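# Observations on chain architecture
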Amino acid sequence: MACRVVTVTSFKGGVGKSTVAANIALMWAIAGKKTLLVDCDFRMRSLDVLLGLENEVVHDSGDVLSGKVVLEKAIIPYPGNRDLLFLPAPFNFKNGIDKKAFSDMLEEAKEKYQLDYVVLDTPGSSGEEFSAAASASELAYIVATHSFPSIRAAECTGRELEEMGVADRKLIINMFDTSGRDVDKKPSVVDIIDKTALCLGGIIPYDSGLILMQDKGELIDKSEGLNVYKAFLNIRQRAEGRNVPLFTGFRGINRKKLLNY
Ligand SMILES: Nc1ncnc2c1ncn2[C@@H]1O[C@H](COP(=O)(O)OP(=O)(O)OP(=O)(O)O)[C@@H](O)[C@H]1O
Ligand SMILES: [Mg+2]
């Protein structure tokens, strides 16, 4: 199988890009796919914290790009799954990102580690990290939350990606309120798809447990029973070409009410 490079992005901050990138990368690793997760936030990295690897980072992609160290010195294996590898971002990088050097670095990683997937986590803006990541990717997951301003940001992000030639663009609705309260005051799934003009890749429920997991540096691998785990599983299966209805495997939800039919 040829390696697929996937960008997780949105021009809006705080919508859950890093959460989605880390957990979708983990889902691929759980399926036995060799996956490299790359933090592309070159100013304020966060994935090392989410993965519980904050104290393991010695070198980063900035050191690799500047020729200070070889790639192998910067890549860290994720202790919870041997098929997941992590490449941290530099802090407050000021050198400017050379797109060609960035894409050469990914090519080298693909070959050296026999990767099946590369997952790129971008910051919440349309800067050079976005541009370097998008130009190296064939699939983009655009993350929006269950709110109107982030839907607008997803629409703009999708348009920019289209102009850049990223053919496969999928919307991920994160922090979706599955309680069914105030459904008439919130954007419906159809509203969101209509406004963003994007195909839906998946819906991830709001789960305060995720925040607690992240505080402990854990991903969702120990939470198989949760709806949020099923949400990531569904996204992975759709990416593999399977037809997976929305909310498959979710417990305790009123599907009819949430989808408004
Ligand atoms: N489905 C969810 N349910 C509950 N909380 C969530 C969910 N997804 C993300 N969060 C929380 O939202 C916050 C922002 O998430 P995250 O850091 O992944 O966003 P981001 O888009 O990467 O932010 P930035 O733009 O700063 O990089 C975190 O505290 C995270 O735990
Ligand atoms: Mg982030």
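Residues numbered from 1 in each chain as written. Chains lettered and ligands numbered in written order. Predicted model: local features only at pLDDT ≥ 70, side-chain atom pairs only at ≥ 80, totals over all residues. Heavy atoms only, no water.

### Some thoughts on the sheet that holds strand β5 (residues 117–121)
- Spatial ordering of the open sheet is given by β3-β4-β2-β5-β1-β6-β7-β8, a layout of eight strands whose pairing is mixed. Of all strands in the sheet, those with a lone pairing partner are β3 (76–77) and β8 (199–205), marking the two edges.
- The pairing of strand β1 (residues 4–9) with strand β6 (residues 139–145) spans four bridges and is classified as parallel. Looking at the pairing, V6 lines up with L139 of β6.
- Packing against the sheet, helix α7 (residues 148–163) makes contact with β1, β6 and β7 (168–176), and its axis sits at approximately 165° to β6.
- Contacts from helix α8 (residues 189–196) reach β7 and β8, with the element oriented near 145° to β7. (Pairing = 2+ DSSP bridges. Helix = DSSP H or I, 4+ residues; strand = E, 2+ residues; numbered from the N terminus. Contact = heavy atoms within 4.5 Å. Axes fitted to C-alpha atoms, helices over the stretch in contact; angles between N-to-C directions.)

### What to know about α8
- Looking at α8, one finds that the buried residues are V189, I192 and T196. Buried residues of α8, seen end-on, are gathered within an arc of 65° and therefore sit on one face of the element. Every exposed residue of α8 that faces more than 90 degrees away from the buried side is listed here: V190 and D194.
- Buried positions along α8 lie against α7, β7, β8 and α11 (255–258).
- A197 sits one or two positions beyond α8 and adopts a positive phi of about 55°. (Buried < 20%, exposed > 50% of the residue type's maximum accessible area, 1.4 Å probe, protein only. Arc of directions from axis to C-beta.)

Function-wise, these values are silent; they only describe arrangement.
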